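Here's the letter readout for the chains.
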Amino acid sequence: MEIGSEFDLNLDTLQESEDNIFKFLNGYNCVFTDSGRSAIMLLDRMLPPGEILLPDYICASVINGFSIHSVNFYTIDADFRLSIQSLIGKITSQTKAVFLVNYFGILQREETIIELERLRTMGIVVIEDTTHSIFTQIHSVGDFCIASLRKWFRVPDGGVLYSKKKIDIVQMSYVQNTNIADKTSAMVLKNLKLRNILDCNEVYRKLFVASEHILDEMQCPKLISDFSRFLLSCYDISDIKRKRKKNFQTLYARLPRQLTPIILKDITGFCPFSLPVFVEKRDDFRKHLIDNQIYCAVHWPVIGTVLEINFNAVEISSHILSLPIDQRYSEYEMEYLAEIVGKFWE
């Protein structure tokens with residue numbers, strides 16, 4: 001059994017759904033991109049010259065995506081919400097936009113939303129990263145929202161830039177569709193491996209690495225592939241939300257006391273992205289999971305980035321791990337995951 005890591009793709013199970021992401025985002029102006037990174041690159045080209053304020057705990061791809069603008073960092077609080085005092089203290093005449101992240105689906109405080117609305121009246125653009133929160137709350141305060149859809153769905157590529165404001169597509173005529181051959185092949189081969197049809201573990205892993213390397217080296221934004229656009233029309237959002245909630249609750253109830261969940265157990269109205277936890281010996285714990293074919297993401301590695309000198313970012317990054325609870329799995333996999341987690345402290 002393998003849990004976590006990249007999505008696989010079973011072409012035999014595809015069926016178009018009316019409750020898909022296109023219907024979900026119907027009330028917004030959207031540009032569907034190959035990744036959240038491309039959505040950021042598009043915004044980087046749309047915003048007036050100046051400075052972007054980012055949280056001090058963030059994926060390196062966000063920092064690198066704003067290559068035209070200068071960036072500075074504000075602090076996030078211990079509960080993973082924006083520190084409004086830190087943000088206000090960083091604003092200068094050069095500040096053109098504020099970038100906020102709803103970490104793990106945790107939404108901002110009401111007083112923070114009010115303050116961000118005030119900043120908007122001053123001409124500062126608010127960018128809301130809803131990658132972790134899009135199915136909890138589609139939008140709260142952002143002039144523009146971005147989300148990486150490939151983190152939620154079985155698609156080779158997928159991201160979206162959406163807004164109630166008009167997004168001038170004409171200015172983006174230079175943007176081309178992405179090439180997804182390696183990623184699609186990897187996902188299909190992984191599915192064959194998981195179903196014990198083909199022994200191709202080494203091949204699909206190499207293809208995944210190659211496709212991520214292409215993404216890391218990307219210099220210009222790309223639009224979503226036609227194939228991924230079709231796949232997105234096949235995935236039922238209500239079903240995905242139901243399965244994720246059930247898996248979260250099943251795993252949460254079985255967590256050992258040595259793990260500190262970041263999200264409270266009561267997830268009424270909440271659609272979990274993952275089950276993030278703090279663990280003291282994180283790297284040893286992660287190795288134990290990998291030895292048992294459980295692959296968990298670190299949100300996010302900061303060593304080798306500009307944030308490696310930031311104590312707050314390093315402290316979070318060195319202790320956090322996201323346990324997978326997505327729609328691929330059932331109660332059986334969650335119970336197995338809990339069993340392996342518990343064995344680390346035996």
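Remember, it's a predicted structure, so these values are computed and weren't measured experimentally.

Peer 1: Account for the overall build of the chain, with residues named and values stated.
Peer 2: The number of helices and strands found in the chain is 12 helices and 14 strands. Here the C-alpha atoms of the chain give a radius of gyration of 20 Å, agreeing with the 20 Å that 2.2 N^0.38 yields for 346 residues. Residues classed as buried in the chain amount to 53% of the 346 residues present. Intrachain contacts of the chain at a sequence separation of at least 6 include 72% that bridge at least 24 residues. When the 38 positive and 44 negative side-chain charges of the chain are each reduced to one mean point, those points stand 2 Å apart.

Peer 1: Hey, could you go over the sheet that holds strand β14 (residues 320–323) for me, with residue numbers and the actual values?
Peer 2: The strand order across the open sheet built from 3 strands is β11-β12-β14, with neighbouring strands paired in antiparallel fashion. Single-partner strands in this sheet number two, and they are β11 (260–261) and β14. As defined by bridge partners, β11 adjoins strand β12 (residues 275–278) across 2 bridges and the pair is classed as antiparallel. When the sheet's bridge partners are listed, P261 is paired in β12 with V277.

Peer 1: Which residues make up the layout of surface pockets, and what values do they have?
Peer 2: Its boundaries defined by the atoms lining it, the largest pocket holds a volume of some 1500 Å³. Residue lining of the largest pocket: 50 residues in total, with E6, K151, E212, A297 and H299 positioned closest to the centre. Elements represented by at least two residues in the lining of the largest pocket include exactly α2 (36–46), α3 (60–65), β7 (144–147), α6 (181–194), α7 (201–216) and β14. Counting residues per element, the lining of the largest pocket draws most heavily on α7, at 6 residues. Partitioned by chemical class, the residues of the lining of the largest pocket number 24 nonpolar, 11 polar and 15 charged.

Peer 1: Go over α6 with me, naming the residues and quoting the values.
Peer 2: For α6, which comprises 14 residues, the first-to-last C-alpha distance of 20 Å matches the rise-based estimate of 20 Å (1.5 Å per residue) to within 8%. Inspection of α6 places K183, T184, A186, M187, L189, K190 and N191 among the buried residues, and these make up the whole buried set. Buried positions along α6 lie against β1 (3–4), α7 and α8 (226–232). Among the residues trailing α6, N196 stands out with phi positive, at a value near 60°.

Peer 1: Explain the packing of aromatic side chains to me, and be specific about the residues and the numbers.
Peer 2: Per the counting criterion, the structure on display carries 20 aromatic pairs. With a centroid separation of 5.3 Å and 85° between ring planes, the pair formed by Y28 and Y162 is classed as edge-to-face. Within this pair, whereas Y28 is found in the loop between α1 (21–24) and β2 (29–33), its partner Y162 is found in strand β8 (residues 159–163), the two being separated by 134 residues in sequence. Y28 gets classed as buried once you look at its relative accessible area, which sits at 15%. On the accessibility criterion, Y162 (0% relative accessible area) is buried. Grouped by ring-pair contacts, the aromatic residues F24, F135, W152, F153, Y235 and F273 constitute a single cluster. The positively charged end of K164 is found above the aromatic ring belonging to Y28, 4.4 Å away from the centroid. One cation-aromatic arrangement involves R205 over Y295; the distance from NZ or CZ to the ring centre is 5.3 Å.

Peer 1: Pulling in residues and values, what's your account of the environment of L232?
Peer 2: Tracing the backbone shows L232 in helix α8. Its relative accessible area of 0% is what places L232 among the buried residues. Spatially, the C-alpha atom of L232 lies 8.9 Å from that of S17, the residues being 215 residues apart in sequence. Residue contacts for L232: discarding those within four places in its chain leaves N20, I21, F22, L149, F153, V155 and I224.

About the cut-offs
Along each chain, numbering runs from 1 in the same order as the chain's sequence is written. Restriction of local features to residues with pLDDT of at least 70 applies here, the model being predicted, together with a cutoff of 80 or more for giving and counting side-chain atom pairs; totals for whole chains, interfaces and linings are based on all residues. To get the side-chain values, all heavy atoms of the structure are used, and hydrogens and water are removed first. Only DSSP runs of H or I reaching four residues or more are called helices, and only runs of E reaching two or more are called strands; each is numbered from the N terminus. Values of the radius of gyration come from C-alpha atoms, whereas the globule rule sets the reference at 2.2 Å times the count of residues to the power 0.38. For the exposure calls, accessible area comes from a 1.4 Å probe over protein chains only, and a residue counts as buried if that area is under 20% of its type's maximum, exposed if over 50%, partly exposed in between. The contact rule is simple, with two residues in contact once any of their heavy atoms fall within 4.5 Å. A positive count includes Lys and Arg, and a negative count includes Asp and Glu. His and the chain ends are not counted in either. Charge coordinates come from a single atom per side chain, which is NZ of Lys, CZ of Arg, CG of Asp or CD of Glu. Note on pairing: DSSP must find at least two bridges between two strands before they are called paired. Using protein atoms alone on a 1 Å grid, points that fit a 1.4 Å probe yet trap it form a cavity, whereas open point sets bounded by protein on both sides within 12 Å along at least five of seven lines form a pocket; residues with an atom within 4 Å of a point count as lining. Grid points are joined across faces, edges and corners, and a volume is the space filled by probe spheres set on the points. Each residue gets one label: Ala, Val, Leu, Ile, Met, Phe, Trp, Tyr, Cys and Pro are nonpolar, Asp, Glu, Lys and Arg are charged, and the others, such as Gly, are polar. Expected helix span is given by 1.5 Å per residue-to-residue step, counting one fewer step than there are residues. Centres within 6.5 Å make a pair out of two Phe, Tyr or Trp rings, where for Trp the six-membered ring is used; the pair is then stacked when the planes are under 30 degrees apart, edge-to-face when over 60, and tilted otherwise. Charges are assigned to positions over rings by a cutoff of 6 Å between ring centre and Lys NZ or Arg CZ, combined with an angular limit of 35 degrees from the ring normal.

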